Amino acid sequence: MSDISASTPRIGVIGLGAMGMGTATALLEQGMTVTGCDVSPSACRAFEDAGGQCAATPAELARHCEIVLLVVVNADQVEQVLFGDQGLVGHLAPGSVVLQCATVAPSIARRLGERLAEAGLAMIDAPISGGAAKARAGQLSVMASGTSAAFDKASPALDGMAATVYRLGEEVGIGSSMKLVNQLLAGVHIATAAEALALGIRLGLDPETVYEVITHSAGNSWMFENRVPHILKGDYTPLSAVDIFVKDLNIVHDTGRELAMPTPVAASALQQFTAAKGAGFGREDDSAVIKVYERLSGITLPEAANDGGEV
């Protein structure tokens, strides 16, 4: 297989969930050639309806792209997409760049970078943050590390998907390290926001009033301000699911164990998300972690406005 040309870059996005679909569509609307790939036929149809094109497998996508974004859920999916029977490796042209956007342990990111380098491919360790709305607007934050050459080649995709690209260093793994710090804070803040609102309800306070007061007080956080409205609406449609934070806070826990560093606050938040998952809420929005308190403390949460019941 010959090296890729210096023509207009062709971008692939594997994983057309909320973040991947938003990013792929944002790139498409900026006039880029974008090919998507997802195990869900409906996701592929939606992207095609938006004007994109889809490939049936990562191997097929590789034949059309030299910059590929992996916006999948976990390390197992990354492994399959890269090295599975129909994976990218062996089909991407030498010199292509993989932007690995899933949250994985830094040690896993480093090993992925080594294996891709052995295959003649570059990797940017590029976890993303900002949520589905910012993905759709091409306004994500990217916590990235990789070589200057890889950044140069991937710049059209990075410029199109992000408001801010933090170039954290040349070594793959630094980006994943920074994302892990972010996910520790995000998970703790969501769990704490749920506990605080649950306490307010148990004390007899009106939850709407709690939201109004706290968002104008020192106890506010971005996650309180962003997630509590889901609870007030009784709408647990998953923008980011409970399962995501079970996974990510487990990565925090495992990494802390590797480093012989305790993470007790993150561990407490992990237990709350694990309890929510065990209660059957794993695929609901991460704000559903508050339902643990409904079970334990007998509080009554706001109901969904559309049908008078929980969703």
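Residues numbered from 1 in each chain as written. Predicted model: local features only at pLDDT ≥ 70, side-chain atom pairs only at ≥ 80, totals over all residues. Heavy atoms only, no water.

Asker: Now, about the overall build of the protein chain: what can you tell me, with residues and values included?
Answerer: Helix and strand content of the protein chain: 13 helices and 9 strands. Overall, the C-alpha framework of the protein chain stretches about 70 × 50 × 35 Å when taken along its three principal axes. Looking at the protein chain as a whole, 50% of its 311 residues qualify as buried. Counted over contacts in the protein chain with a minimum sequence separation of 6, partners at least 24 positions apart contribute 65%. Total accessible area on the protein chain stands at roughly 14200 Å², and carbon and sulfur atoms take up 54% of it. (Helix = DSSP H or I, 4+ residues; strand = E, 2+ residues; numbered from the N terminus. Buried < 20%, exposed > 50% of the residue type's maximum accessible area, 1.4 Å probe, protein only. Contact = heavy atoms within 4.5 Å. Areas by Shrake-Rupley, 256 points an atom, 1.4 Å probe, with all protein chains shown as cover.)

Asker: Requested: an account of the domain arrangement of the protein chain, with residues and values cited.
Answerer: Per the domain assignment, the segments making up the protein chain are domain 1 (10-171) and domain 2 (176-306). On a C-alpha basis, the centroid separation for the pair domain 1 and domain 2 is 28 Å. Overall, the association of domain 1 and domain 2 removes approximately 1200 Å² of surface from exposure, summing both partners, and the carbon and sulfur fraction of that is 62%. Its largest share of buried area at the contact with domain 2, domain 1 owes to Thr 103, Pro 106 and Met 143, together 43% of the area lost on that side. (Domains from an automatic or database assignment. Buried area = accessible area lost by both parts, 1.4 Å probe.)

Asker: Describe in detail the packing of aromatic side chains, supporting the description with residues and values.
Answerer: When we look at a pair of aromatic rings, we describe it by the centre distance and by the angle of the planes. Taken as a whole and assessed by the stated rule, the structure comprises 2 aromatic pairs. Taken together, a centroid distance of 6.1 Å and an interplanar angle of 10° make the contact between Tyr 211 and Phe 224 stacked. Of this pair, Tyr 211 sits in helix H9 (residues 207-214) while Phe 224 is found in helix H10 (residues 222-233), placing the two residues 13 residues apart along the sequence. Here the two residues Tyr 211 and Phe 224 agree in accessibility, since each one is buried. Seen from their ring centres, Phe 245 and Phe 273 are 5.4 Å apart, and the 25° between their planes marks the pair as stacked. Taken as a pair, Phe 245 in helix H11 (residues 242-258) and Phe 273 in helix H12 (residues 264-281) lie far apart in primary sequence, 28 residues in all. Residue Phe 245 is classed as buried on the basis of its relative accessible area of 3%. When its relative accessible area of 0% is taken as the criterion, Phe 273 is described as buried. Across from the ring centre of Phe 151, 4.1 Å away, lies the NZ or CZ of Arg 167, which sits over that ring. (Phe/Tyr/Trp six-rings, centres within 6.5 Å; stacked < 30°, edge-to-face > 60°. Lys NZ or Arg CZ within 6 Å of the ring centre and 35° of its normal.)

Asker: I'd like a rundown of the packing of helix H4 (residues 75-83) against helix H5 (residues 106-118), residues and numbers included.
Answerer: Closest axis-to-axis distance for the H4/H5 pair is 12 Å, and the angle between their directions is 5°. Here H4 is positioned roughly parallel relative to H5, judged by the angle of their axes. Along the contact surface, H4 presents Ala 75, Val 78, Glu 79, Leu 82 and Phe 83, while H5 presents Ile 108, Leu 112, Arg 115 and Leu 116. (Axes fitted to C-alpha atoms, helices over the stretch in contact; angles between N-to-C directions. Parallel < 35°, antiparallel > 145°, perpendicular 65-115°, else oblique.)

Asker: How would you sum up the nonpolar core? Please name residues and give values.
Answerer: Counting 38 residues, the largest nonpolar core has Leu 197, Val 228, Leu 249, Phe 273, Ile 290 and Leu 301 as the members making the most contacts within it. At the level of elements, helix H8 (174-202), H9, H10, H11, H12 and helix H13 (291-297) are the ones that each hand at least two residues to this core. Here this core gets 10 residues from one element, more than from any other, and that element is H8. Cys 54, Cys 101, Ile 124 and Ala 135 belong to the second-largest nonpolar core, a separate cluster that totals 33 residues. (Core = buried A, V, L, I, M, F, W, Y, C linked by side-chain atoms within 4.5 Å.)

Asker: Which residues make up the sheet that holds strand S4 (residues 67-70), and what are the values?
Answerer: By way of backbone hydrogen bonds, the strands of a sheet pair with one another, either parallel or antiparallel. Across the sheet, 6 strands lie side by side as S3-S2-S1-S4-S5-S6; this open sheet has parallel pairing. Sheet topology places strand S3 (53-54) and strand S6 (122-125) at the edges, where each strand pairs with a single neighbour. Of the strands in this sheet, strand S5 (97-100) and S6 touch H5, which is tilted by about 165° from S6. (Pairing = 2+ DSSP bridges.)

Asker: Go over the pattern of salt bridges with me, naming the residues and quoting the values.
Answerer: Going through the model one piece at a time under the given rule, you end up with 9 salt bridges. A salt bridge links Glu 66 to Arg 10; the shortest N-O distance between them is 2.9 Å. Here Glu 66, found in the loop between helix H3 (58-62) and S4, pairs with Arg 10, found in strand S1 (residues 10-14); they are 56 residues apart in sequence, far enough to count as distant. The salt bridge partner of Arg 115 is Glu 79, with a shortest N-O separation of 2.9 Å. Taken together, the residues Arg 115 in helix H5 and Glu 79 in helix H4 connect sequence positions 36 residues apart. Residue Glu 79 is classed as partly exposed on the basis of its relative accessible area of 33%. (Salt bridge = Lys/Arg side-chain N within 4 Å of Asp/Glu carboxyl O.)

Asker: I'd love a proper account of H12, names of residues and values included.
Answerer: Compared with an ideal rise of 1.5 Å per residue, which puts 18 residues at 26 Å, H12 spans 23 Å between its outermost C-alpha atoms and is within 8% of the ideal. Within H12, the full set of buried residues consists of Ala 266, Ala 269, Leu 270, Gln 272, Phe 273, Ala 276 and Phe 281. The buried residues of H12 occupy an angular sector of 160° when the element is viewed end-on, so they sit on one face. Across from the buried face of H12, at angles greater than 90 degrees, the exposed residues are Pro 264, Gln 271 and Gly 278. Structurally, H12 contributes buried residues whose contacts are with H8, H11 and H13. (Expected span 1.5 Å × (residues − 1). Arc of directions from axis to C-beta.)

Asker: Give me the UniProt feature "active site" (unreviewed entry) in the protein chain: which residues, what numbers.
Answerer: Mapped onto this numbering, the UniProt entry annotates "active site" (unreviewed entry) at Lys 179. Within the secondary structure layout, Lys 179 lies in helix H8. In this view, Lys 179 contacts Thr 103, Pro 127, Ile 128 and Met 143; residues no more than four positions away in its chain are not counted. (UniProt positions renumbered as here; feature names shortened; annotations may be inferred.)

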